[in-house]
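Observations on the model geometry
As a plain string of letters, each chain reads:
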Amino acid sequence: GSLLPTPLQISMAAASHAVLIGDDAAAQAALQSAGFSLLLPTDPHAKAALIVVIAVADDGTAVDMWRRRAAHAFIAVVQNCTAIQRSTLYARGASMVTASSDALAAAIARVRGQFSEAGSYTCPYCGIQALSLEGLWVHVPLYHIDAPNIEAQCPVCRRVTDNIQVHIHNQHPPPGCHGEPPRRGQELYAFALVVCRRPTDGKFLLVHEFARQGYWLPGGAVDPGETFPEAALRECAEEAGVPIALKGVLRIEHAPHDDYCRMRIIFYAEPAGDAPPKTVPDYESAGAVWASLDEVRAQDFPLRGREPLVWFGYVARGGAVHPMSILGQEE
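Since the structure is predicted, the reported quantities are computational estimates derived from the model, not experimental observations.

What counts and how
Residues numbered from 1 in each chain as written. Predicted model: local features only at pLDDT ≥ 70, side-chain atom pairs only at ≥ 80, totals over all residues. Heavy atoms only, no water. Core = buried A, V, L, I, M, F, W, Y, C linked by side-chain atoms within 4.5 Å. Buried < 20%, exposed > 50% of the residue type's maximum accessible area, 1.4 Å probe, protein only. Contact = heavy atoms within 4.5 Å. Salt bridge = Lys/Arg side-chain N within 4 Å of Asp/Glu carboxyl O. Helix = DSSP H or I, 4+ residues; strand = E, 2+ residues; numbered from the N terminus. Phe/Tyr/Trp six-rings, centres within 6.5 Å; stacked < 30°, edge-to-face > 60°. Lys NZ or Arg CZ within 6 Å of the ring centre and 35° of its normal. Pairing = 2+ DSSP bridges. Axes fitted to C-alpha atoms, helices over the stretch in contact; angles between N-to-C directions. Lys, Arg positive; Asp, Glu negative; His and termini not counted.

**Regarding the nonpolar core**
Within the largest apolar cluster, 58 residues are counted, with the highest numbers of intra-cluster contacts made by Ile51, Trp66 and Phe74. Residues in contact with isoleucine 51, not counting those within four places in the same chain, are His17, Ala18, Val19, Leu31, Phe36, Phe74, Ile108 and Val111. Ranked by size, the runner-up nonpolar core spans 21 residues in total, among them Cys196, Val207, Leu246 and Trp290.

Quick look at the structure:
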């Protein structure tokens, strides 16, 4: 059903206040570098802060309190946590969960930058006003990547759509940006999925999907002019922020239907280097994590589908990995 913004639809264009909870020198420096003035959590004006950084251990209690107190704020939680803890923090109202000072600084800059140009658009999720087209395009996934899909009227074209976040991204990219390419008339839907295992501890890479869908494998549609391996590398970089090395093929799937067919290639990969998983939310995902097979098998672990359980178990049992050479291009 429809989810309307709160009645308090305030313009945040002139907001320059931030709240920092905890003693985090890197977070303080990033906030001040972006031009924010810091308010004490007890300051009566803190409820109007544009950004709240929680740099203390939190089980969701502090996030929940600040989400109710500062409904329009970008709330970033700075801590190491498991996949379950990460999902809980998002569900309680976090906009971002990270242990990376660089990722936090990048997000703070985006929060500030969304108001670099005044506009006339209002966010259909939270009611923040005075956004330019570019500001709206950045704001929606940055603030609301984990929000459920909603039916809402597009603030740009006024069309009512049942998936407003995808609609804004694909139908209204600002100059110099682009959404996902249209697939009209395409009869073959091709997808590349990646099962990435870290040899040092045996943990697997999972993407924190948007709209509270849970965790899933890195992967997605193969773009026009792209090979399956190229799509696998790109999707892993976009969704998980982790460079990978493709080591082989686990399975090639083909599903014919009356008017179209689907094809999926599931790759086995390992990380190429030690880059941490992505934690800055954007249109592609809310971030990514490394998780053990035991964690994923837990009853309360939120999964979008069964593929991680199936393929993580298969790889852990020593299942066959076919050479990349089985894939070739038509001459």
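**Some remarks on the pattern of salt bridges**
Think of it this way: side chains of opposite charge can pair up when their charged atoms draw near. Throughout the structure, instances matching the rule amount to 12 salt bridges. Among the salt bridges present, the one from aspartate 64 reaches arginine 68, with a minimum N-O distance of 3.2 Å. With aspartate 64 and arginine 68 both in helix α2 (residues 61-69) and 4 residues apart, this pair spans about one turn of that helix. Accessibility expressed as a relative area gives 61% for arginine 68, which makes it exposed. Here glutamate 307 and arginine 264 are joined by a salt bridge, their closest N and O atoms 3.2 Å apart.

**A closer look at the packing of aromatic side chains**
A complete count under the given rule lists 5 aromatic pairs for this structure. Measuring from centroid to centroid gives 4.2 Å for phenylalanine 204 and phenylalanine 312, while their planes differ by 10°, and the two rings are stacked. In this pair, phenylalanine 204 sits in strand β10 (residues 204-208) while phenylalanine 312 sits in helix α9 (residues 307-316), placing the two residues 108 residues apart along the sequence. Both residues of the pair, phenylalanine 204 and phenylalanine 312, count as buried. Between tryptophan 311 and tyrosine 314, the ring centres sit 5.2 Å apart and the planes meet at 75°, which makes this aromatic pair edge-to-face. Taken together, the positions of tryptophan 311 and tyrosine 314, both in helix α9 and 3 residues apart, correspond to about one turn of that helix. The buried category is assigned to tryptophan 311, whose relative accessible area is 9%. The ring of phenylalanine 36 carries the charged tip of arginine 112 above its face, separated from the ring centre by 5.0 Å. Between arginine 304 and the ring centre of tryptophan 216, over which it is positioned, the NZ or CZ distance is 4.2 Å.

**Focus on the sheet that holds strand β9 (residues 188-196)**
Reading across from one edge, β12-β9-β14-β13 is the order of the 4 strands in this open sheet, with mixed pairing throughout. Two strands bound the open sheet, and with one partner strand each, they are β12 (219-221) and β13 (244-256). Within this sheet the neighbouring strands show an average axis-to-axis angle of 15°, counted without direction. In this sheet, β12 lies alongside β9 in antiparallel orientation, the contact comprising 3 bridges. From the neighbouring strand, alanine 192 faces β12, where its bridge partner is glycine 220. Against the sheet, α9 touches β9, β13 and β14 (261-271), its axis set at about 125° to β13.

**Side note on the side chain of aspartate 58**
With respect to the element layout, aspartate 58 can be found in the loop between β3 (51-54) and α2. An unpaired buried charge is present at aspartate 58: no salt bridge exists, and arginine 92, the closest side chain of opposite charge, is 7.1 Å distant.

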